[in-house]
Amino acid sequence: MKLIKTKAIFLAAGLIALPLSGCSQNAAENSNNDTTLTGNPKENPAAFTFKKDPVTVNAFKLDTYISISAYEDIDESYLYDTLALCDRYEEMFSMHKEGGALYNLNEGTTDKVPSELGRVMETALKWSQSSDGAFQISVGRVTELWDFTSGSHVIPSDNEIKSALKTVDDTKISLSPSDSEEGAAYTVSMPEGTKIDLGAVAKGYIADKLKEDLISRGITSAVINLGGNVLCVGDKNGDPFNIGIRKPFAGDTDMITVLKLKDCSAVSSGISERYFEENGRIYHHIINPRTGYPYENELWQSTVITKDSLTGDILSTLCYALGTDKALELAKNTPDTEVILVKDDLSLVTSDGANDLMK
Ligand code: ADP
Ligand code: MG
């Protein structure tokens, strides 16, 4: 079988879209031109003032590097409280966290899931239905075989893939409200053996929840970055945030373009995030649920700009899976959605409104 040929490969870090503090495309040259404002009126009791530089916290969570940068006069510990929410959600959404809600559902030890997990699954299934099989959360048995999270880099056998594919069919998953147990708001019905993988979905939802938490605690100017899943909270004292889109297969700070964004999400999916190379081929983590093998198309990366990050996360993976023409069509037909595609010759293809964001 043919898979994408190797080009110059360097370190594949988790970050794709990086929030930059300056306008330059060279991260080393970035300078921050924020004006410090004191007494900036806010409804929240905490009387924050804009700082020249953001307060930033970093961590390795959700199997990736994450950060929150807030343009407020606060102590770092304030942001660590928000960051800690990731642990709770990882427990709920990860297919690998033993004893977690999704893990238990996948193991068949329960058919009940908490309301947040149920609602996220419903949203993902809605997009799955319109994807003609390109995007399916029931792909878990197959992604488990490829196991990009462990770094083991084993190519599964055709037989293993064939067998796992029998369990992949999102149309056979249904959710119904359940009032039986506290915290178990949905009953999920799915064929025995099916495993749900929310790797293409969860970080977007978690980013939305972190934003909600920041706002509820009076922070209205921040950038949340969950391994390239970026969500801008408000703006930077009236100016947009500069969000760099990383150049695939290049150094960590090489940008292919920079977006100017206010109060919206930018999520990148692509083949240079998690992959391995064998026999001159790249095997990456976005799987074609019809074949069980990584997608082979003309794209290296897709970035989707939306209002909320849950939609952005789903659509960035889906647009990659759809390929250039269908991804552009999807962006055209979906309100408040722009897409920036990086092809395998590093050329950019963008939806109509995306150019305005790159100025
Ligand atoms: P990231 O892991 O960087 O957030 P994505 O959002 O693009 O990247 O999601 C890729 C992940 O989605 C894979 O690692 C896997 O867990 C899952 N996945 C892979 N192929 C599919 C697919 N066709 N449909 C839905 N989910 C998929
Ligand atoms: Mg995604």
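This text goes with the structure placed above it.
Residues numbered from 1 in each chain as written. Chains lettered and ligands numbered in written order. Predicted model: local features only at pLDDT ≥ 70, side-chain atom pairs only at ≥ 80, totals over all residues.

Asker: Is there a simple way to think about the sheet that holds strand β8 (residues 229-233) in this case?
Answerer: In any sheet, the strands associate via hydrogen bonds between backbone groups, in a parallel or an antiparallel arrangement. With respect to topology, 8 strands assemble into an open sheet ordered β2-β3-β7-β8-β11-β14-β15-β16, the strand pairing being antiparallel. Looking at strand neighbours, the two that pair on one side only are β2 (55-61) and β16 (348-350), the edges of this open sheet. Strand-to-strand, the axes of this sheet are offset by a mean angle of 15 degrees, without reference to chain direction. Taken together, the 7 bridges between β2 and strand β3 (residues 64-70) define a ladder with antiparallel strand orientation. (Pairing = 2+ DSSP bridges. Helix = DSSP H or I, 4+ residues; strand = E, 2+ residues; numbered from the N terminus. Axes fitted to C-alpha atoms, helices over the stretch in contact; angles between N-to-C directions.)

Asker: I keep staring at the site of ligand 1 and nothing clicks. Help me out?
Answerer: The environment of ligand 1 is formed by 21 residues, the closest being Gly 199, Ala 200, Ser 269, Ile 287 and Thr 317. Per element, the largest residue contribution to the shell around ligand 1 is 4 residues, and it comes from helix α8 (residues 309-322). By residue class, the composition of the shell around ligand 1 is 9 nonpolar, 8 polar and 4 charged. Inspection of the shell around ligand 1 shows a minimum of three residues originating in each of domain 1 (17-88 + 201-357) and domain 2 (97-189). (Near = placed C-beta within 6 Å. Nonpolar A, V, L, I, M, F, W, Y, C, P; charged D, E, K, R; others polar. Domains from an automatic or database assignment.)

Asker: It is not clear to me how the packing of helix α2 (residues 85-93) against helix α7 (residues 202-216) should be interpreted in this structure. Could you clarify?
Answerer: Packed helix pairs are specified by the crossing angle of their axes together with the interaxial distance, meaning the distance between the axes. Viewed as axis vectors pointing N to C, α2 and α7 meet at an angle of 150 degrees, and their least axial separation amounts to 10 Å. Crossing hand, α2 versus α7: right-handed. Residue-level contacts link Leu 85, Cys 86, Tyr 89 and Phe 93 of α2 to Ala 202, Ile 206, Lys 209, Leu 210 and Asp 213 of α7. Grouping the amino acids of the contact of α2 with α7 by side-chain chemistry returns 7 nonpolar, no polar and 2 charged. (Left-handed = near helix turned anticlockwise from the far one by under 90°. Contact = placed C-beta atoms within 7 Å.)

Asker: How should the pairing of strand β11 (residues 265-270) be read in this particular structure?
Answerer: Walk down a regular strand and you will see the side chains alternate between the two sheet faces. With 6 of 6 residues buried, β11 lies mostly within the body of the structure. Residues of β11 alternate between two faces, with Ser 265, Val 267 and Ser 269 on one and Ala 266, Ser 268 and Gly 270 on the opposite face, all of them buried. Inspection of the sheet shows β8 paired to β11 by 3 bridges, in the antiparallel sense. Its bridge partner lying in β11, Val 230 is registered against Ala 266. (Buried ≥ 20, exposed ≤ 12 C-beta atoms within 10 Å, placed from the backbone.)

Asker: Is there a simple way to explain the pairing of strand β9 (residues 241-246) in this structure?
Answerer: Across the 6 residues that make up β9, a large majority, 6, are buried. Where burial is concerned, the two faces of β9 agree: the one with Phe 241, Ile 243 and Ile 245 and the one with Asn 242, Gly 244 and Arg 246 are both buried. Relative to strand β10 (residues 255-261), β9 is paired through 6 bridges, and the arrangement is antiparallel. Its bridge partner lying in β10, Ile 245 is registered against Thr 257.

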